[in-house]
Amino acid sequence: YNDIKKIADQAVGLGALWCLLTGGEPLLRQDFFDVYLYLKKKGLLVSVFTNATLITKKHILFFKRYPPRDIEVTVYGITRETYERISRNPGSFDAFMSGLKLLLENGIRVRFKSMALRSNFHELSAIASFCRERTKDYFRFDPFLHLRYDGEPVRNAEIKSERLLPEEIVELERQDPERFPALKKNCDKLINKELPPADCNHLFHCGAGLGSFSVGCDGFFRLCSSLKHPDCIYDLKKGTLREAWEDFVPKGRDMRSDNAEFLKACRRCSLVNLCMWCPANAYLESGRLDQPIEFFCAIAHSREKMLTQPHQERASKVI
């Protein structure tokens with residue numbers, strides 16, 4: 001807790017305005033109320049990501065007194081069978097419904113998100129309706145389940161088995177009433193007709209380390225929460241946040257690649273903004289920051305086809 005306070009003090013001193021408490025499940029921390037309240041009293045806008053299964057009346061009273069900027073609730077499924085197939089925790093569906101009911105009945109601002117998985121694919125349309133009926137804000141779904149940070153092969157194989165096929169991901173996006181129009185509107189921007197200079201070998205063209213950063217419960221600073229490469233991690237127990245932000249981040253942003261396959265493929269690809277590829281995801285998939293990933297490439301080309309070619313309406317509706 002004292003380490004978190006020191007990091008928060010430094011962040012506010014550097015001009016930070018917003019903080020997200022996420023996990024895992026942040027409500028598992030016994031000192032959650034203390035951490036949250038300290039961040040609020042520092043003047044930060046505080047958001048919380050939770051699955052709502054641990055929400056109690058105590059949390060409701062606390063959030064009413066110290067309102068969060070927003071709470072985003074993850075929805076695994078809206079039936080007990082689907083929800084607990086994913087959570088693998090008997091009783092978790094009832095806990096989720098109870099916690100969500102407390103939040104909604106007490107006027108706590110809630111947003112929703114869901115992972116699009118093989119185990120809830122059949123229920124995604126119902127999940128979307130369930131969520132949109134219960135918020136004035138938004139519902140979003142994420143079609144990409146990234147691999148484990150520790151690279152454990154058995155678990156990673158299980159994760160891959162839950163991923164949807166590129167064609168299924170694109171069909172979800174095509175049928176979504178909010179996502180597809182946004183993609184169509186920004187089509188010209190997402191399909192990049194002006195390629196990067198041929199001699200550009202920078203790894204990072206994303207927003208990692210530009211306007212935000214991530215600090216894990218281990219005290220390690222990262223340019224983004226998914227970036228686990230050892231050269232992109234800074235130990236705040238051995239240095240200051242200012243050093244990390246002003247010295248370490250620019251060095252990370254300046255990392256370059258000599259991988260000819262990557263430079264000829266990903267770095268020169270006009271579909272890069274339709275792709276799920278980034279150095280962080282590439283590292284989790286392959287152990288390299290500059291490795292092209294066939295799965296991401298297939299998604300990008302499927303999205304391009306969806307956005308640029310006429311599509312015959314199908315009778316079935318997914319979401």
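Since the structure is predicted, the reported quantities are computational estimates derived from the model, not experimental observations. (Residues numbered from 1 in each chain as written. Predicted model: local features only at pLDDT ≥ 70, side-chain atom pairs only at ≥ 80, totals over all residues. Heavy atoms only, no water.)

**Considering the overall build of the protein**
Within the protein, the secondary structure is distributed over 14 helices and eight strands. The C-alpha atoms of the protein give 21 Å as radius of gyration, which agrees with the globular expectation for 319 residues (20 Å, within 12%). Reported as C-alpha extents along the three principal axes, the dimensions of the protein are approximately 55 × 55 × 40 Å. The long-range share in the protein, meaning contacts at least 24 apart out of those at least 6 apart in sequence, stands at 70%. If you sum the accessible surface of the protein, you get close to 17,200 Å²; carbon and sulfur atoms cover 53% of it. In the protein, 49 side chains carry a positive charge and 42 a negative one; their mean positions are 5 Å apart. (Helix = DSSP H or I, 4+ residues; strand = E, 2+ residues; numbered from the N terminus. Rg over C-alpha atoms; globule rule 2.2 N^0.38 Å. Contact = heavy atoms within 4.5 Å. Areas by Shrake-Rupley, 256 points an atom, 1.4 Å probe, with all protein chains shown as cover. Lys, Arg positive; Asp, Glu negative; His and termini not counted. Charge placed at Lys NZ, Arg CZ, Asp CG, Glu CD.)

**Comments concerning the pattern of salt bridges**
Scanning the model with the defined rule gives 26 salt bridges in all. Of the charged contacts in the structure, one is a salt bridge between Asp9 and Lys42, with a shortest N-O distance of 3.1 Å. With Asp9 in helix H1 (residues 2-13) and Lys42 in the loop between helix H2 (32-41) and strand E2 (45-50), this residue pair connects regions lying 33 residues apart in the sequence. Its relative accessible area of 33% is what places Asp9 among the partly exposed residues. Taking the relative accessible area as the measure of exposure, Lys42 reaches 31% and is therefore partly exposed. For the salt bridge of Arg69 with Asp70, the shortest nitrogen-to-oxygen distance reads 2.7 Å. Take Arg69: its relative accessible area is 36%, and that puts it in the partly exposed class. Judged by relative accessible area, Asp70 falls into the buried class, the value being 2%. (Salt bridge = Lys/Arg side-chain N within 4 Å of Asp/Glu carboxyl O. Buried < 20%, exposed > 50% of the residue type's maximum accessible area, 1.4 Å probe, protein only.)

**Focus: the environment of Leu54**
Among the structural elements, Leu54 can be located in the loop between E2 and helix H3 (57-65). Taking the relative accessible area as the measure of exposure, Leu54 reaches 32% and is therefore partly exposed. A sequence separation of 28 residues divides Leu54 from Pro26, and the C-alpha atoms of the two residues are 9.8 Å apart. Discounting chain neighbours no more than four positions away, the residues touching Leu54 are Glu25, Leu27, Leu28 and His59.

**Structural notes on the sheet that holds E2**
With parallel pairing, the five strands of this open sheet are ordered in space as E1-E2-E3-E4-E5. Both outer strands of the open sheet, strand E1 (18-21) and strand E5 (139-142), are each paired with one neighbouring strand and no more. Along the sheet, successive strands turn relative to each other by an average axial angle of 20°, direction set aside. Summarising the sheet, strand E4 (residues 110-115) and E5 pair through four bridges and their orientation is parallel. From the neighbouring strand, Lys113 faces E5, where its bridge partner is Arg140. (Pairing = 2+ DSSP bridges. Axes fitted to C-alpha atoms, helices over the stretch in contact; angles between N-to-C directions.)

**Remarks on helix H11 (residues 241-253)**
At Asp247, H11 shows its largest bend, some 30°, and a proline, Pro250, comes one to four positions later. Contact partners of the buried residues in H11: H1, strand E7 (220-222) and strand E8 (233-235). (Bend = angle between axes of the 7 residues up to and from the residue.)

**Side note on the nonpolar core**
Phe96 and Leu103 are the most contacted members of the largest nonpolar core, which has 71 residues in total. Considering each element in turn, this core owes the most residues, seven residues, to H2. Discounting chain neighbours no more than four positions away, the residues touching Leu103 are Ala52, Ile55, Ile60, Ile71, Val73, Ile108 and Val110. (Core = buried A, V, L, I, M, F, W, Y, C linked by side-chain atoms within 4.5 Å.)

**A word on the sheet that holds E7**
The antiparallel open sheet is built from three strands, whose spatial order is E6-E7-E8. Of all the strands in the sheet, just strand E6 (214-215) and E8 have a single pairing partner and so form its edges. Note that E6 and E7 share two bridges and pair antiparallel. Bridged to Ser214 within E7 is Arg222.

**Notes on the side chain of Arg111**
Within the secondary structure, Arg111 sits in strand E4. Classification of Arg111 by relative accessible area gives buried; the value is 12%. Side-chain polar atoms of Arg111 contact the side chain of Asp70, separated by 3.5 Å. There is a polar contact of 2.7 Å between the side chain of Arg111 and the side chain of Asp137. Beyond its immediate chain neighbours, meaning those up to four positions away, Arg111 contacts Arg69, Asp70, Ile71, Glu72, Val73, Thr135, Asp137 and Tyr138. (Polar contact = N/O pair within 3.5 Å; in protein donor to acceptor, adjacent residues only side chain to side chain.)

**Some remarks on the packing of aromatic side chains**
Taken as a whole and assessed by the stated rule, the structure comprises 19 aromatic pairs. On the basis of an interplanar angle of 65° and a centroid distance of 5.6 Å, the ring pair of Tyr36 and Phe63 is categorised as edge-to-face. A residue pair is termed long-range when its members are at least 10 positions apart, and Tyr36 in helix H2 and Phe63 in helix H3 qualify at 27 residues. Phe63 matches Tyr36 in its accessibility class, with the two residues each being buried. Ring geometry for Phe144 versus Phe296: centroids 5.1 Å apart, planes at 85°, classification edge-to-face. Taken together, the residues Phe144 in the loop between E5 and helix H7 (153-162) and Phe296 in helix H14 (residues 294-308) connect sequence positions 152 residues apart. Judged by relative accessible area, Phe144 falls into the buried class, the value being 9%. Clustering of aromatic rings is evident, with ring pairs tying together Phe32, Phe33, Tyr36, Phe62, Phe63 and Tyr66. Over the ring of Phe49 we find Lys113, and its NZ or CZ is 3.9 Å from the ring centre. (Phe/Tyr/Trp six-rings, centres within 6.5 Å; stacked < 30°, edge-to-face > 60°. Lys NZ or Arg CZ within 6 Å of the ring centre and 35° of its normal.)

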